[in-house]
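Letter by letter, the chains look like this.
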Amino acid sequence: PIQCAEFSADGSEVLVSGRRKFFYVYNLAGACISKVQGILGNSDKFLGAMIPSPDSSMIASLGTCGNVALLSGKSKQWVGE
């Protein structure tokens, strides 16, 4: 089930996540869906709320036990905590 859906700052993408290790990125301009299969470097069992930064360069993702992972807005992969 969908737990969180957030538009990117520029409105071109929608990030959709639930209590899974993966999430989806809906590209509204290109009308395509990408499944991001896990986050390299992050050992959380699931991804919760995902919040993009105002300039879309980073995404904060709430994980297990309150961990917050920082993802690259471009590659959608882990850059830090």
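Scroll up to find the structure this text is about.
Rules and cut-offs
Residues numbered from 1 in each chain as written. Predicted model: local features only at pLDDT ≥ 70, side-chain atom pairs only at ≥ 80, totals over all residues. Heavy atoms only, no water. Pairing = 2+ DSSP bridges. Helix = DSSP H or I, 4+ residues; strand = E, 2+ residues; numbered from the N terminus. Axes fitted to C-alpha atoms, helices over the stretch in contact; angles between N-to-C directions. Patch = residues over 30% accessible without salt bridge, like charges linked within 9 Å, V, L, I, M, F, W, Y side chains within 5 Å. Areas by Shrake-Rupley, 256 points an atom, 1.4 Å probe, with all protein chains shown as cover. Salt bridge = Lys/Arg side-chain N within 4 Å of Asp/Glu carboxyl O. Buried < 20%, exposed > 50% of the residue type's maximum accessible area, 1.4 Å probe, protein only. Phe/Tyr/Trp six-rings, centres within 6.5 Å; stacked < 30°, edge-to-face > 60°. Core = buried A, V, L, I, M, F, W, Y, C linked by side-chain atoms within 4.5 Å. Contact = heavy atoms within 4.5 Å. Polar contact = N/O pair within 3.5 Å; in protein donor to acceptor, adjacent residues only side chain to side chain.

Enquirer: Whenever I open this one, the sheet that holds strand β2 (residues 13-17) confuses me. Can you help?
Expert: What the 4 strands build is an open sheet, ordered β1-β2-β3-β4; its pairing is antiparallel. Edge strands, defined here as strands with exactly one partner in the open sheet, are β1 (4-7) and β4 (32-36). Put simply, the sheet's adjacent strands are angled 20 degrees from each other on average, direction ignored. Where strand β3 (residues 23-27) and β4 come together, 5 bridges link them in antiparallel fashion. What sits directly across from F23, in β4, is V36.

Enquirer: Looking at this structure, I do not really get a nonpolar patch on the surface. What am I missing?
Expert: Taken together, the side chains of F7, Y26, L28 and I33 present a nonpolar region at the surface, about 410 Å² in accessible area. You can see I33 is positioned in strand β4. I33 sits in the exposed class, given a relative accessible area of 54%.

Enquirer: Would you take a moment to explain the packing of aromatic side chains for this structure?
Expert: Aromatic ring pairs are described here by two measures, namely the spacing of the ring centres and the angle between the planes. The full count for this structure, using the stated rule, is 2 aromatic pairs. Taking the centre distance of 5.8 Å and the plane angle of 85 degrees together, the rings of F22 and Y24 count as edge-to-face. Their ring planes at 40 degrees and their centres at 6.5 Å tell us that Y24 and Y26 sit as a pair that is tilted. The class of Y24 is partly exposed, set by a relative accessible area of 28%.

Enquirer: What is the right way to read the nonpolar core from this model?
Expert: Considering soluble globular proteins, one finds that nonpolar side chains tend to be buried as a cluster. By size, the foremost hydrophobic cluster in this structure holds 8 residues: L15, F23, V25, V36, L47, M50, I59 and L71. In this view, M50 contacts C4, E6, S17, F23, I59, A60, S61 and L71; residues no more than four positions away in its chain are not counted.

Enquirer: Could you clarify how one ought to interpret the side chain of E13 in this entry?
Expert: By the element assignment, E13 lies in strand β2. Side-chain polar atoms of E13 contact the side chain of K76, separated by 3.2 Å.

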